[in-house]
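These are the residues of each chain, in order.
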Number of protein chains: 2
Amino acid sequence: VSVWAIVVAAGSGSRFGGPKQYEALGTHRVLDYALADARAHADGLVLVVAPERAADAEPAADAVVAGGATRSASVRAGLAAVPADAEVVLVHDAARPLAGAELFGVVLAAVREGADAAVPVVPVTDTIRTRPGGGDPGRTLDRATLVAVQTPQGFRAEVLRAVHAGDPEGTDDASLVDDAGGRVVLVDGHAANRKITEALDLEIAAALLVAHGDPR
Amino acid sequence: VSVWAIVVAAGSGSRFGGPKQYEALGTHRVLDYALADARAHADGLVLVVAPERAADAEPAADAVVAGGATRSASVRAGLAAVPADAEVVLVHDAARPLAGAELFGVVLAAVREGADAAVPVVPVTDTIRTRPGGGDPGRTLDRATLVAVQTPQGFRAEVLRAVHAGDPEGTDDASLVDDAGGRVVLVDGHAANRKITEALDLEIAAALLVAHGDPR
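About the criteria used
- Residues numbered from 1 in each chain as written.
- Chains lettered and ligands numbered in written order.
- Predicted model: local features only at pLDDT ≥ 70, side-chain atom pairs only at ≥ 80, totals over all residues.
- Heavy atoms only, no water.
- Helix = DSSP H or I, 4+ residues; strand = E, 2+ residues; numbered from the N terminus.
- Rg over C-alpha atoms; globule rule 2.2 N^0.38 Å.
- Buried < 20%, exposed > 50% of the residue type's maximum accessible area, 1.4 Å probe, protein only.
- Contact = heavy atoms within 4.5 Å.
- Areas by Shrake-Rupley, 256 points an atom, 1.4 Å probe, with all protein chains shown as cover.
- Lys, Arg positive; Asp, Glu negative; His and termini not counted.
- Charge placed at Lys NZ, Arg CZ, Asp CG, Glu CD.
- Least-squares fit on C-alpha atoms with pLDDT ≥ 70 in both.
- Core = buried A, V, L, I, M, F, W, Y, C linked by side-chain atoms within 4.5 Å.
- Buried area = accessible area lost by both parts, 1.4 Å probe.
- Salt bridge = Lys/Arg side-chain N within 4 Å of Asp/Glu carboxyl O.
- Polar contact = N/O pair within 3.5 Å; in protein donor to acceptor, adjacent residues only side chain to side chain.
- Nonpolar A, V, L, I, M, F, W, Y, C, P; charged D, E, K, R; others polar.
- Pairing = 2+ DSSP bridges.
- Axes fitted to C-alpha atoms, helices over the stretch in contact; angles between N-to-C directions.
- Parallel < 35°, antiparallel > 145°, perpendicular 65-115°, else oblique.
- Left-handed = near helix turned anticlockwise from the far one by under 90°.
- Phe/Tyr/Trp six-rings, centres within 6.5 Å; stacked < 30°, edge-to-face > 60°.
- Lys NZ or Arg CZ within 6 Å of the ring centre and 35° of its normal.
- pLDDT = per-residue confidence, 0-100.

Draft legend 1. Spatial organisation of the overall build of chain A. Secondary structure assignment for chain A yields six helices and 11 strands. Since a compact globule built from 216 residues should have a radius of gyration of about 17 Å, the 17 Å found for chain A is in line with a globular shape. For chain A, with 216 residues in total, the buried portion stands at 55%. For chain A, restricting intrachain contacts to residue pairs at least 6 apart in sequence, the fraction spanning at least 24 positions comes to 68%. As presented, chain A carries roughly 8,700 Å² of accessible surface, and 51% of it is formed by carbon and sulfur atoms. Distance between charge centroids for chain A: 4 Å, based on 19 positive and 29 negative side chains.

Draft legend 2. Seen up close, the relation of the copies chain A and chain B. Superposing chain A onto chain B takes a rotation of 180° combined with a translation of 0.0 Å along the rotation axis, leaving an RMSD of 0.0 Å. Taken together, the turn and the small shift mark the pair as related by a two-fold rotation axis. In this assembly, 100% of the residues forming the interface of chain A have copies in chain B that are likewise at the interface, indicating an isologous arrangement.

Draft legend 3. Looking closely at the nonpolar core. One finds Ile 6, Val 46, Val 82, Val 89, Val 91, Leu 160 and Val 177 of chain A to be the most contacted residues of the largest nonpolar core, which totals 28 residues. For this core, the leading source of residues is helix α4 (residues 157–164) of chain A, giving four residues. In this view, Val 177 of chain A contacts Asp 116, Ala 117, Phe 155, Val 159, Val 163, Gly 182, Arg 183 and Val 184 of chain A; residues no more than four positions away in its chain are not counted. By size, the runner-up hydrophobic cluster in this structure holds 27 residues, among which are Ile 6, Val 119, Val 149 and Val 184 of chain B.

Draft legend 4. Broad picture of the interface of chain A and chain B. Each partner contributes to the interface: chain A provides 42 residues, whereas chain B provides 42 residues. When chain A packs against chain B, the two sides together hide about 3,600 Å² of surface, and 57% of this comes from carbon and sulfur. Three residues, Thr 127, Arg 129 and Arg 131 of chain A, lead the burial of chain A against chain B; their summed loss comes to 18% of the area buried on that side. At the boundary of chain A and chain B, one finds four salt bridges. The residue Arg 96 of chain A makes a salt bridge to Asp 126 of chain B at a minimum N-O spacing of 3.3 Å. Where chain A packs against chain B, one counts 14 residue pairs in polar contact (both at pLDDT 80 or more). Counting residues per element, the ones that place at least two in the side of chain A that touches chain B are β8 (127–130), β9 (146–149), α5 (173–179), β11 (184–188) and α6 (199–212) of chain A. Looking at the side of chain A that touches chain B, the element that brings in the most residues is α6 of chain A, giving seven residues. Split into classes, the residues belonging to the side of chain A that touches chain B amount to 20 nonpolar, 10 polar and 12 charged. Of the strand pairs in this sheet, β8 of chain A and strand β9 (residues 146–149) of chain B are connected by four bridges, and their pairing is antiparallel. The residue bridging Arg 129 of chain A from the neighbouring strand is Val 147 of chain B, located in β9 of chain B.

Draft legend 5. Layout of the packing of helix α2 (residues 71–79) of chain A against α4 of chain A. Residue and element names in this part refer to chain A. Between α2 and α4, the least distance of the axes is 11 Å, while the angle of their chain directions is 130°. Relative to α4, the element α2 lies oblique. Taken as a pair, α2 and α4 cross one another with a handedness that is left-handed. From α2, Ser 72, Val 75, Arg 76 and Leu 79 reach across to α4, where they touch Leu 160, Arg 161 and His 164. Each residue belonging to the contact of α2 with α4 can be placed in one class, and the counts come to three nonpolar, two polar and two charged.

Draft legend 6. How the structure looks around helix α1 (residues 30–39) of chain B. Across the 10 residues that make up α1 of chain B, a large majority, eight, are buried. Here α1 of chain B has its buried residues at Val 30, Leu 31, Asp 32, Tyr 33, Ala 34, Leu 35, Asp 37 and Ala 38 of chain B.

Draft legend 7. Examining the pairing of strand β1 (residues 3–9) of chain A more closely. Residue and element names in this part refer to chain A. Most of β1 sits inside the fold, with seven of its seven residues counted as buried. Sheet topology note: the β1/strand β6 (residues 88–93) ladder contains six bridges and is parallel. Following the sheet pairing, Val 7 is matched in β6 by His 92. Pairing of β1 with strand β4 (residues 44–49) involves six bridges; the strand directions are parallel. When the sheet's bridge partners are listed, Ala 5 is paired in β4 with Leu 45.

Draft legend 8. Layout of the pattern of salt bridges. If you walk through the whole model with that rule in mind, you get 28 salt bridges over all chains. When the shortest N-O distance is used, the salt bridge between Asp 173 of chain A and Arg 71 of chain A registers 3.1 Å. Of the two residues, Asp 173 of chain A sits in helix α5 while Arg 71 of chain A sits in helix α2, which places them 102 residues apart along the sequence. Measuring nitrogen to oxygen at the nearest pair gives 3.0 Å for the salt bridge that ties Asp 178 of chain A to Arg 129 of chain B. Within this pair, whereas Asp 178 of chain A is found in helix α5, its partner Arg 129 of chain B is found in strand β8 (residues 127–130), the two belonging to separate chains. Asp 178 of chain A gets classed as buried once you look at its relative accessible area, which sits at 17%. Residue Arg 129 of chain B is classed as buried on the basis of its relative accessible area of 0%.

Draft legend 9. Geometry of the packing of aromatic side chains. Per the stated rule, a full pass over the model turns up zero aromatic pairs over all chains. A cation over a ring is seen here: Arg 53 of chain A above Tyr 22 of chain A, with NZ or CZ 3.6 Å from the ring centre.

Draft legend 10. Just the confidence of the model for chain A, in detail. Of the residues in chain A, 95% have a pLDDT of 70 or more, and the chain-wide mean is 92. Under the prediction, the complex receives an ipTM of 0.87, its pTM being 0.87.

Next comes the structure, spelled out in structure tokens:
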């Protein structure tokens, strides 16, 4: 089975004041961890970057492509660079440097065992409410019924291509598979696999690298 | 206005392998940070602990009471020790050591300005799905419509007493006020005010204390 990974690093990082995936973390950039983790299980790697970085050398990737205006558009740009004979495609956020190669293997195994899509999830530890608005005062959801979704997400390549036809917008790729009625399998993610959204998250990731020893 | 705070430290910490609020964090126990933050804005402090700890000396609290079988029951045990003339009651999780005294002030101000309840919230950064079950495959929620709820939560004392009559169970106290049709006001929490649920969270809190300087 030919496996390709798309690492999405095209975000503008508007909440962070700059593209967080290029910040230093330990001795590397944030995105280098994502590339290394993906490489452990993928035959080929497509890195999706902001258009102004598309000419930058990224020797760890097999292809570098310019992203689109949205995350979904960026995944499609990456998918266009994945060879037609790829059977499994893994999609990962460059801003999750602590996923670990092992989690890629778990996601890949779930797709090989028949899932259309496999996504790592963790329990939701905070109480979650809906925002008030339009006369709705907001309400508390039952967190026992909720999970928080991480990447890497894995897909049968033909399914991922099919759900992206028509240029849909989704929060993530698994939600597009949901909408299409595909079989989404949940696997156990882990708490350290946090997305770096703001400066505090980068501090946390740095602390975790020190505490656990940088494996790279 | 007489302000009392209830700091809830009665949890068994089943996910952590022990009561996390008694773990060391910097030079103090986790719960000492919560007590110090609450003290900055409260005239009196009730600490709710597990029954086997109810005889322990806790000089930072004005009263120590034994908690109940659930979080809501523990809040009621604390509320029973709050003087009848208290006008505002703040409820805080002992497992949130990095709330900061300033946030207590913001919550208190919202209650003074007329809210039945005031709760700090932060944006949800992860994609959230419902768990599959009972034939339901699960679905992705729109995270833009969601917020994550923190403590301290502040209440008009008469409202908090009223919603706890009848021994209801709620994820948090604000959700009881929701259910009663009360006016819940959301204020800005902050990302560092994380709940310590597992060992990783304690490592993160320790790292943040070092990075920002222990204010105590």
